[in-house]
Amino acid sequence: MKKEIENNFELYDFLPIGICIIDESYEIKYWNKRLASWTGLEKDESEGKNLLELYPNLSKPAFKMRIDLMFEGHPPTYFSSLLHKYFLPVKVSENELQVQSTTLISIPKKNSTKNLVLISIENETNLHQRFQKYKQMKNKATTELNKRVEAEKRINEYVKQLEETNASKDKFFSIIAHDLKSPFSGFLNLTKILSEQLNFMTINEISEMSSALKESANTLFKLLENLLEWSRIQRGLIKHKPEKLSLNYIAKNNIDIQYETAKQKKIEILNKINEDIEVYADVSMVNTILRNLLSNAVKFSFEDGFVEIEAITKDDFAVVSVKDSGIVIPKDKLDKIFNIGESYTNPGTSGEPSTGLGLVLCKEFVQLNGGRISVNSTEGSGSIFTFTLPLSSEH
Amino acid sequence: MRMNIELTEMQIDIIKELMNVGVNESTNILSQILNTEIELNIPKITFCQSDELMDELTLLGSEELTAVNMKYKGEFSGTSQLVFSQESANKIVEIFSLQMLDNDDIEENKSGAMIEIGNIVLNAVLAEFSNFFKDEFEFYIPDFYENYKSEFYRSIDDYSDNIILLGRTIFSINQFDITGDIIIFMKIESFNTFIELINKYIKEIQE
């Protein structure tokens, strides 16, 4: 029997795959040279021996159940390297075994109801190693690529920051050059007239001129105040010190500041904020926000108009809105109104000067307190500036 | 060549039963590999022709399909296939590997693992047919198609005179239900032989 098989299968000795033939008792009938070189078991050491005794791993049901079926003439059976790693444990190094895929084929045996089983083993170790190497290379390349994308993203952020800094600088110079210089020139002219013509002026003329001087000085002071605060933000000098604040109380104080100006334009300011609403924010920043928004609302409202300030609470935030009855902000300017360098400037309804710096400050301070600011402006209804402030230290 | 495939309820029941017995045989082996209970069920079988096959396969719900292909030869001859959507094939490979695999590992091992799973299921179904018809089938080693749809469209003419038996198969593994199709292609002569053998069996049990 053994001779007959050798004669039939001796060509298998020259194949690059491991071939073994067993009978129904698992006796090895044929063992090709490739298997001998892989396992170190020569033909005469393996043929005639029991395969299960040499390789006990094959007694596991996942193998044996399927091998047993092959003696009954079952269709070809395949064992993949993923599900089994190997069929015969063959060392390729101290800690590594061959990765194998194996096919079993049932071969009818003369004068027997039971078939022989041909076991064909392919060594996939090199393929597996090459794939793992390729995978490592791919992972390395992906990591490198991600790093470069990340670096590019950071560079773009720096460029954007630089552009913003540059715009801030331009705005600063523009304010110094124009917005501060013009009212100062007016102020200087008034003082010049006053000092040179005082002896020729009536009491009424002197009184009118000193009122004009006071208004001019107020405007300049407000501008200087905003300019200094903004410059302190830019230099990182402003520290955020949040505390519990009564919104109604702060609104009331800021309404008082605007009272005289509003009275002159016959504008009514209504404080509709519930006395119970408390926010967790920096008091001087909230003052600056409300001072600027109320000042703008009065500045851009028409005579006999009104300004309303109200607040609701929603999702752990107070939503504060300042509504005026004034001129409409063009739609294309709405999203630029809070940005330095792009901010929209327009004189008030009585020709009051405006730099747009106040809204830039408002945005900076709202954000420093963890809130958001937005504006809505429609024809006939005026503008509504809405900002949020956290109700507690959780945010 | 179009053919009117009309089978009686009895004929359909017997073929469905044959396929279910076959897939149940394969669950023992699959459960041993997975070391957990696995159930296979074929709730519905359909006969169609090659131009209708893709409509049936679109029910697997995927742009691209994978297939394990195994030829057989006997009293009736043809090709058997186990077809899955790409996503289901990836899921099955991951479940059977008993480990978390990334996409690269799945790609490396998909062909081998799917051939083995397809081989186990198709062997069991065809062995059941072979026993039932008391016929010694000759089987070929299985192979694997990654882009089965395109492969099938390219060779659709070769199957124009084939009748296709399609059994929608549900693999229930742990909490997952994965659907695939067992497809058996038969030439018209083979199909006629197949139906004759079924009729012969019906006659035997009715006598």
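Residues numbered from 1 in each chain as written. Chains lettered and ligands numbered in written order. Predicted model: local features only at pLDDT ≥ 70, side-chain atom pairs only at ≥ 80, totals over all residues. Heavy atoms only, no water.

## Points about the overall build of chain A
Broken down by element type, chain A carries twelve helices and 14 strands. By the burial criterion, 42% of the 395 residues in chain A qualify as buried. In the structure as shown, chain A presents an accessible area of about 22,500 Å², 52% of it carried by carbon and sulfur atoms. (Helix = DSSP H or I, 4+ residues; strand = E, 2+ residues; numbered from the N terminus. Buried < 20%, exposed > 50% of the residue type's maximum accessible area, 1.4 Å probe, protein only. Areas by Shrake-Rupley, 256 points an atom, 1.4 Å probe, with all protein chains shown as cover.)

## Observations concerning the sheet that holds strand 9 (residues 268-271) of chain A
All names here are of chain A. Read from one edge to the other, the open sheet built from five strands follows the order 9-11-12-14-13, with strand pairing classed as mixed. Of all strands in the sheet, those bounded by a partner on one side alone are strand 9 and strand 13 (373-378). Adjacent strand axes in the sheet meet at a mean angle of 15°, parallel and antiparallel pairs treated alike. In this structure, strand 9 lies alongside strand 11 (residues 306-314), joined through four bridges in parallel fashion. Across the sheet, Asn 271 pairs through a bridge with Ile 309, a residue of strand 11. (Pairing = 2+ DSSP bridges. Axes fitted to C-alpha atoms, helices over the stretch in contact; angles between N-to-C directions.)

## A word on the layout of surface pockets
For the second largest pocket, the calculated volume is near 510 Å³. A:Glu72, A:His74, A:Pro75, B:Ala127 and B:Asn131 are the residues nearest the centre of the second largest pocket, which is lined by 25 residues in total. For the lining of the second largest pocket, the elements supplying multiple residues, two or more each, are helix 5 (61-70) of chain A together with helix 1 (9-34) and helix 4 (103-132) of chain B. Broken down by element, the residue count for the lining of the second largest pocket peaks at six residues, all from helix 4 of chain B. Residue composition of the lining of the second largest pocket, grouped by class: ten nonpolar, nine polar and six charged. (1 Å grid on protein atoms, 1.4 Å probe; cavity = no way out; pocket = protein on both sides within 12 Å on 5 of 7 lines; lining within 4 Å. Points joined across faces, edges and corners; volume = space filled by probe spheres on them. Nonpolar A, V, L, I, M, F, W, Y, C, P; charged D, E, K, R; others polar.)

## So, the packing of helix 3 (residues 86-97) of chain B against helix 4 of chain B
Residue and element names in this part refer to chain B. Running from amino to carboxyl end, helix 3 crosses helix 4 at an angle of 85°, the nearest separation of the two axes being 9 Å. In terms of their interaxial angle, helix 3 and helix 4 are classed as roughly perpendicular. Of the residues in helix 4, those in contact with Gln 86, Ala 89, Asn 90, Ile 92, Val 93 and Phe 96 of helix 3 are Ile 106, Lys 110, Ala 113, Met 114 and Ile 117. (Parallel < 35°, antiparallel > 145°, perpendicular 65-115°, else oblique. Contact = heavy atoms within 4.5 Å.)

## Quick word on empty space enclosed by the protein
Unfilled space is identified by rolling a water-sized probe across the atoms. Throughout the structure, instances matching the rule amount to one cavity of 30 Å³ or more. Volume-wise, the largest cavity comes out at about 40 Å³. What lines the largest cavity is A:Arg66, A:Leu69, A:His74, A:Thr77, B:Ile29, B:Asn119, B:Ile120 and B:Asn123. Contributions of two or more residues to the lining of the largest cavity are made by helix 5 of chain A together with helix 4 of chain B. A per-element tally of the lining of the largest cavity places helix 4 of chain B first, with three residues. Residues that form the lining of the largest cavity fall into these classes: three nonpolar, four polar and one charged.

## Some thoughts on the nonpolar core
Core analysis: the largest hydrophobic core is formed by 60 residues, its most contacted members being B:Phe129, B:Phe171 and B:Phe194. Sequence-distant contacts of B:Phe171, that is, excluding residues within four places in its chain, are made with B:Leu30, B:Ile38, B:Glu39, B:Leu40, B:Leu82, B:Phe84, B:Ile92, B:Val121, B:Phe176, B:Asp177 and B:Ile178. A:Leu293, A:Ala297, A:Ala318 and A:Ile329 belong to the second largest nonpolar core, which has 47 residues in total. (Core = buried A, V, L, I, M, F, W, Y, C linked by side-chain atoms within 4.5 Å.)

## As for the side chain of A:Thr77
The residue A:Thr77 is located in strand 3 (residues 77-79) in this model. Within the structure, the side chain of A:Thr77 is placed 3.3 Å from the backbone oxygen of A:Pro75, a separation counted as a polar contact. Of the polar contacts made by the side chain of A:Thr77, one reaches the side chain of B:Asn123; its length is 3.5 Å. The residues touching A:Thr77, leaving out its near neighbours within four places in the chain, are A:Arg66, A:Met70, A:Thr102, A:Thr103, A:Leu104, B:Asn119 and B:Asn123. (Polar contact = N/O pair within 3.5 Å; in protein donor to acceptor, adjacent residues only side chain to side chain.)

## So, the environment of A:Ser325
Residue and element names in this part refer to chain A. Along the chain, the position of Ser 325 falls in the loop between strand 12 (317-324) and helix 11 (331-334). Taking C-alpha positions, Ser 325 is 6.1 Å from Ser 381, a pair spaced 56 residues apart along the chain. Excluding residues within four positions of it along the chain, Ser 325 makes contact with Ser 301, Phe 302, Gly 305, Phe 306 and Gly 382. Here the side chain of Ser 325 touches Phe 306 through a polar contact of 3.0 Å, landing on its backbone nitrogen.

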